[in-house]
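The primary structure of each chain is shown beneath.
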Amino acid sequence: MANYTKRDEVAVIELNNPPVNALSFEVRSGLQNALKSAIDDQDVKCIVIHGKGKNFSAGADIKEFGAGTKQQKPWITDACRLADESSKPVVAAIAGTALGGGLEVALFCHYRIGTPSCRVGFPEVQIGILPGAGGTQRLPRLIGVNSSIDMITSGRHVMAEEAMKLGILDKIVTEDIIEEGVKFAKSVVGLDLAHRILKNRKIEAVSPKVFDDEISRVKKKYKGYIAPLFCLKAIQASVQLPYDASMEQELQLFQHLVGSNQAKAQQYAFFAERTSARWQLPTGANSQNASPLPVKTAGVIGAGTMGAGIALCLITSGIPTVLVEQDQKFLEKGIKTMEGDLRGSVALKKMTAEQAKKAMLILKPSVNFEDLHDVDLVIEAVYENLALKKEIFAKLDKICQPQTILCTNTSSLDIDMIAEATKRMDKVVGTHFFAPAYIMKLQENVYGKNTSAETVATVMALGRRIRKVPVLVGTCESFAANRMLHPYVTEALYLVEEGASPYEVDQVLEDFGMPMGMFRVSDLSGLDIGYKVRREAAKRQGIDLTLGTRFVNGERVCLLADVLVEKGRLGIKSGKGWYNYGSPGKKEAIPDPEVLDIIEEHCRKFGIKKQKISSQEILERMQLALINEGFRILEEGIVSKPEDIDVIWIYGFGWPKYMGGPMFYANEMKLKNVYRKICDFHQKYPFSIHWTPSKLLARLSETDLPISNWTSLINSNSKL
Ligand SMILES: CC/C=C\CC(=O)SCCNC(=O)CCNC(=O)[C@H](O)C(C)(C)COP(=O)(O)OP(=O)(O)OC[C@H]1O[C@@H](n2cnc3c(N)ncnc32)[C@H](O)[C@@H]1OP(=O)(O)O
C-alpha cells in the first residue's frame, strides 16, 4: 500500500504498511502505481516519498522470503526504475529507519533528506542475504567502495550525522519530515538531474587486492557466514562490470542466498527474537495485557565483574544508576573496570568519547545502602550465596520505596527463597545476565511463584531498553540456560574419557560454529568454580565426593576437571587448565601433552578402554544431549515456546545464528531422527540420566510438524 496525495505541485507518496512499512507485494505495486501517476500528471513538478508512522521503511517483507515463497513482481527495482527515469526530481524524506530495500528505494531517488534521529543501513547480512535491489551497485557509486563494504558486510545502522558525512543524505532537516520533504523538493525543481541518477555515476577504480584483503577479513570476522562473502562478490561486480550486467550479477547472488539454509536459519532467528519478547505467565498474564512500571533510576549492588557490567549497561542506556559496594576499595576497582570498558567502546567506535563521559556522569558510586532509597529498580549482583542474598533483600525491602522492583542476578538460587526475605514477593524477580554483562546480549528473566505480571513486564521492557535480548523463564535448578549446559558439558567429559581429546571436541564445536569449544570456555570461566559448586552440592546431599567417585545416585560422573584443579590447573587465571596458556591471564590456548597424560592416567585408573570417536559422534552426542534437555524444559513449562531456547543459545552461548538455535537445528534434523538417536544413546548409556528421552520430544516426533506449530500443539494438549 502506498498513499498518493498532492500538495500544490508536489506529489507526496506515503509508504503505508504498519508497523515498519515493509515492502510487501502491495506496497511495491502501490509505489509503482503512485510513481506512474506522479510522472504522468502534468501538474506535478516534483515527488516526495516518505513512510507513514515512525519509519521510512524496514525494507523487503522478510516473511515473503520464507517457505520458498517467490517474491511476486513488481520487485523493488521494477517499482523504482521509474524514479531513475523521471525528469521530475524525486526526494526520499527519511524519518526513523530506512533499511535494506527501504534504503534501496531511497537510492533510486535523486535526493535524500533525513531527520536528525533517522538511521539508514543494509542489515541484510544479518538475515543471511544481500541487498538485492541495487544496493550493492548504487551505494558504492554514492559513497565509494570501502565505506560500502563496511556498511554492507557489517549490516550496521548508520545515524543521520554519519550518513550526511558519507554522502547518503543530502540534508538533515527537522523532525517534521513531510513539510521538509515538500519544501526541499520544491527547491530542486528545474535543477539538472543527470548527475543525481546513481546508475549513471562512474565508480572509482579499486585494485583486486582490496577485495582479497576484505575476503580474508570477513572470513575471520564473520566465521562460517556465507552472506558477507556474497556481499563482497556483488560489490566487486559493481567495480568490474557495467551497471546492467552487475545488477544481473547481484540478482543471481541474491537468489542463491535467499534459498540457502543459512538464510532460512537467520530469518528464523530474527523472528524468534521477536516471538520470544512476547512472554506469558502460567496465570495467563502476558506481554499484551500487562504494563511495565517506569524505570527512571536504578541501583546495582556489587561492583564486581557482573555488577560493574550491569551498571555499565544501565548508564550507557541513559538510566541514572547508584552503584553500591560495601567496601570503598572494591567500589573503586569496579569503577576502573567500567572506565576501561568504556574506553574500549570508544576505541571500537561503538560510542563517542563524549557519550562515554556523559554515561559516567549519571553513575553514583556509593558505599551506603541508604542511597538506594529512591530508585525504581535494584539489581543485586553479589556472589552466589543464598544467606547473603536473603540478607540483602531484607535490607532493601526496608530501605526502598514500596513500589521498587528488586531483581537478583542469581544464576542458580531459588527466586522464591530470596523473595521470602521481603514483604514484596510480587516485586522480586531474577535478572540473570551473562558474563561479560556489558557485552553478552542475553538477559534471562526468571519469575518466581509470586512475581507479578507488572514486575515481569518491567524487567522485559528494561532488557530491551538496555539493548539486551530478554527471555522469560520459570524457576528450576539452574534455570533454562545453565540447565541445558549441564548435559552438554557432561557429555564432553564422557567423550574425553572414552577416547576423544579435549582439543578434538573443541575443534568439532568450533567447526560447527560455536565461538569457542567447551573446554576453552571452561578454562575461561575457571575450573575451580565447578569444583566448588560440585562439592557444595554433594555436601548438601550428604555425599562424599572424591576423585575416586564414579557414580552418584546411580548416575555416571566424570571428575576429570577436578583432577586438573587438584593439580593447580584452574584455567586461564592460573596459566594452565585444559590448555596451556604460557602464563596466567594469557589468552592463547595451546594443547598440552601433560593434559593428555592426565587423561590417560585417569582412564587407566578406572579401566576405561579408549577408542576412536568420530567428529560426527562428538557433535551428535553434545548437541543432542542439550536438545533433549531443551525439550524437557519446554515440557515442564519452564519456557513457553521453542524460540525462547534458541534465543537463549544464540545470545547467551554464541550458537551460530546461521544454525538457528538448538530447537531449530532439531527441527531441521527432523524430530523423528532426533528422537531415534536419543533413544539409541539412552540404550547405549543407561547411566546417563540426560539421555532419558523427553516425553514431549517423543510426542512431537510422531507428528512431523515444523517448529512453527510446536507451541500451539503444546498448548492444545495438556498431556504433552
Ligand atoms: C530484493 C530484496 C531487497 C531487499 C532485501 C531486504 O530489504 S531484507 C530486509 C532488510 N531489513 C531488515 O532486516 C530490517 C529488519 N527490521 C528491524 O531491524 C527492526 O524491525 C526495525 C526496523 C529496526 C524496528 O525495530 P523495532 O524494535 O522498533 O520493532 P520490531 O523489530 O519489534 O519490529 C516490529 C514488527 O515488525 C516486524 N518486522 C520488522 N521488519 C520487518 C521486515 N523487514 N519484514 C517483515 N516484518 C518486519 C517484526 O517482526 C515485528 O513484528 P511483530 O509481529 O510485532 O513481532
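Residues numbered from 1 in each chain as written. Predicted model: local features only at pLDDT ≥ 70, side-chain atom pairs only at ≥ 80, totals over all residues. Heavy atoms only, no water.

> Would you mind going over the domain arrangement of the protein with me for this structure?
The extent of an interface is frequently quoted as the accessible surface area lost upon association of the parts. Splitting the protein by domain gives domain 1 (2-259), domain 2 (298-477), domain 3 (500-605) and domain 4 (618-638 + 656-716). On a C-alpha basis, the centroid separation for the pair domain 1 and domain 3 is 51 Å. (Domains from an automatic or database assignment.)

> Would you take a moment to explain the sheet that holds strand β5 (residues 97-99) for this structure?
Read from one edge to the other, the open sheet built from three strands follows the order β5-β7-β8, with strand pairing classed as mixed. Edge positions in the sheet fall to β5 and β8 (157-159), since each has one partner strand and no second. When the angles between neighbouring strand axes are averaged without regard to direction, this sheet yields 20°. With three bridges connecting them, β5 and strand β7 (residues 119-121) associate as parallel partners. Bridge assignment links Thr97 to a residue of β7, and that residue is Arg119. On the sheet, helix α3 (residues 101-108) packs against β5 and β7 and is oriented at approximately 90° with respect to β5. (Pairing = 2+ DSSP bridges. Helix = DSSP H or I, 4+ residues; strand = E, 2+ residues; numbered from the N terminus. Axes fitted to C-alpha atoms, helices over the stretch in contact; angles between N-to-C directions. Contact = heavy atoms within 4.5 Å.)

> What is the right way to read the site of the ligand from this model?
Lining the immediate surroundings of the ligand are 27 residues, of which Ala58, Ala60, Gly101, Arg274 and Arg278 lie closest. Within the contact set of the ligand, a nitrogen atom lies 2.9 Å away from a backbone nitrogen or oxygen of Ile62. Taking Arg278, its side chain carries an N or O atom lying 2.8 Å from an oxygen atom of the ligand. Contact with the protein chains covers 78% of the free accessible surface of the ligand, which is 1,000 Å². Listed by contribution, the elements that provide at least two residues to the shell around the ligand are β5, α3 and α11 (261-277). Top element by residues in the shell around the ligand is α11. It accounts for three residues. (Near = heavy atom within 4 Å. Polar contact = N/O pair within 3.5 Å; in protein donor to acceptor, adjacent residues only side chain to side chain. Areas by Shrake-Rupley, 256 points an atom, 1.4 Å probe, with all protein chains shown as cover.)

> Where do I start with the UniProt feature "domain: 3-hydroxyacyl-CoA dehydrogenase NAD binding" (unreviewed entry) in the protein in this structure?
In the numbering adopted here, UniProt assigns the feature "domain: 3-hydroxyacyl-CoA dehydrogenase NAD binding" (unreviewed entry) to residues 298-474. As annotated, residues 298-474 has a helix share of 41% and a strand share of 21%, and its two end C-alpha atoms lie 24 Å apart. (UniProt positions renumbered as here; feature names shortened; annotations may be inferred.)

> I would appreciate a short explanation of the pattern of salt bridges in the present structure.
Any two side chains of opposite charge can pair, so long as their charged atoms come close to each other. As enumerated under the stated definition, the model contains 39 salt bridges in all. The shortest N-O distance in the salt bridge between Asp397 and Arg424 comes to 2.6 Å. You can see Asp397 sitting in helix α15 (residues 386-399) and its partner Arg424 sitting in the loop between α16 (415-419) and β15 (428-433), a full 27 residues away along the chain. We note a salt bridge from Asp562 to Arg534, for which the minimum N-O separation is 2.5 Å. Within this pair, whereas Asp562 is found in helix α22 (residues 560-566), its partner Arg534 is found in helix α21 (residues 527-540), the two being separated by 28 residues in sequence. (Salt bridge = Lys/Arg side-chain N within 4 Å of Asp/Glu carboxyl O.)

> Looking at this structure, how should I read the UniProt feature "domain: 3-hydroxyacyl-CoA dehydrogenase C-terminal" (unreviewed entry) in the protein?
Those residues carrying the UniProt feature "domain: 3-hydroxyacyl-CoA dehydrogenase C-terminal" (unreviewed entry) are residues 479-581 and 618-703 in this numbering. Each end of residues 479-581 is marked by a C-alpha atom, and these two atoms are 32 Å apart; helix forms 58% of the span and strand 6%. The straight-line gap between the two end C-alpha atoms of residues 618-703 is 28 Å; of that span, 71% is helix and 0% is strand.

> Teacher, can you tell me more about the nonpolar core here?
Most often, soluble globular proteins have nonpolar side chains that are buried together. In terms of nonpolar packing, the biggest core is built from 104 residues, with Leu372, Val505, Trp578, Phe631 and Trp649 touching the most fellow members. When sequence neighbours within four positions are dropped, the list of residues in contact with Leu372 reads Gly299, Ile301, Val322, Val324, Val378, Leu396, Ile399 and Cys400. Judged by nonpolar contacts, the second largest core, of 70 residues, contains Cys80, Leu103, Ala133 and Ile235. (Core = buried A, V, L, I, M, F, W, Y, C linked by side-chain atoms within 4.5 Å. Buried < 20%, exposed > 50% of the residue type's maximum accessible area, 1.4 Å probe, protein only.)

> Could you clarify how one ought to interpret α11 in this entry?
An α-helical turn contains 3.6 residues, so any two residues separated by three or four positions project in the same direction. Helix length check: α11 (17 residues) gives 24 Å between terminal C-alpha atoms against 24 Å at 1.5 Å per residue, within 8%. All of the buried residues along α11 are Gln262, Ala263, Ala265, Gln266, Gln267, Tyr268, Ala269, Ala272 and Ser276. Here the buried face of α11 lies against α10 (243-258), α17 (453-465), β17 (469-474), α25 (642-653) and α26 (662-669). (Expected span 1.5 Å × (residues − 1).)

> Is there a simple way to think about helix α7 (residues 177-188) in this case?
Helix length check: α7 (twelve residues) gives 16 Å between terminal C-alpha atoms against 16 Å at 1.5 Å per residue, within 8%. Considered for burial, the residues of α7 that qualify are Ile177, Glu180, Gly181, Val182, Phe184, Ala185 and Val188. Directly beyond the C-terminal end of α7, a positive phi value near 95° is found at Gly190.

> Looking at this structure, how should I read the sheet that holds strand β14 (residues 405-408)?
Working definition: the strands of a sheet are paired by backbone hydrogen bonds and lie parallel or antiparallel to each other. Pairing within the open sheet is mixed, and its eight strands lie in the order β12-β11-β10-β13-β14-β15-β16-β17. Sheet topology places β12 (363-366) and β17 at the edges, where each strand pairs with a single neighbour. With strand direction ignored, the average angle separating the axes of adjacent strands in the sheet is 25°. With four bridges connecting them, β15 and strand β16 (residues 442-447) associate as antiparallel partners. The residue of β16 that forms the bridge with Thr431 is Asn445. The strands that α25 touches are β16 and β17; relative to β17, the one it contacts most, it runs at about 130°.

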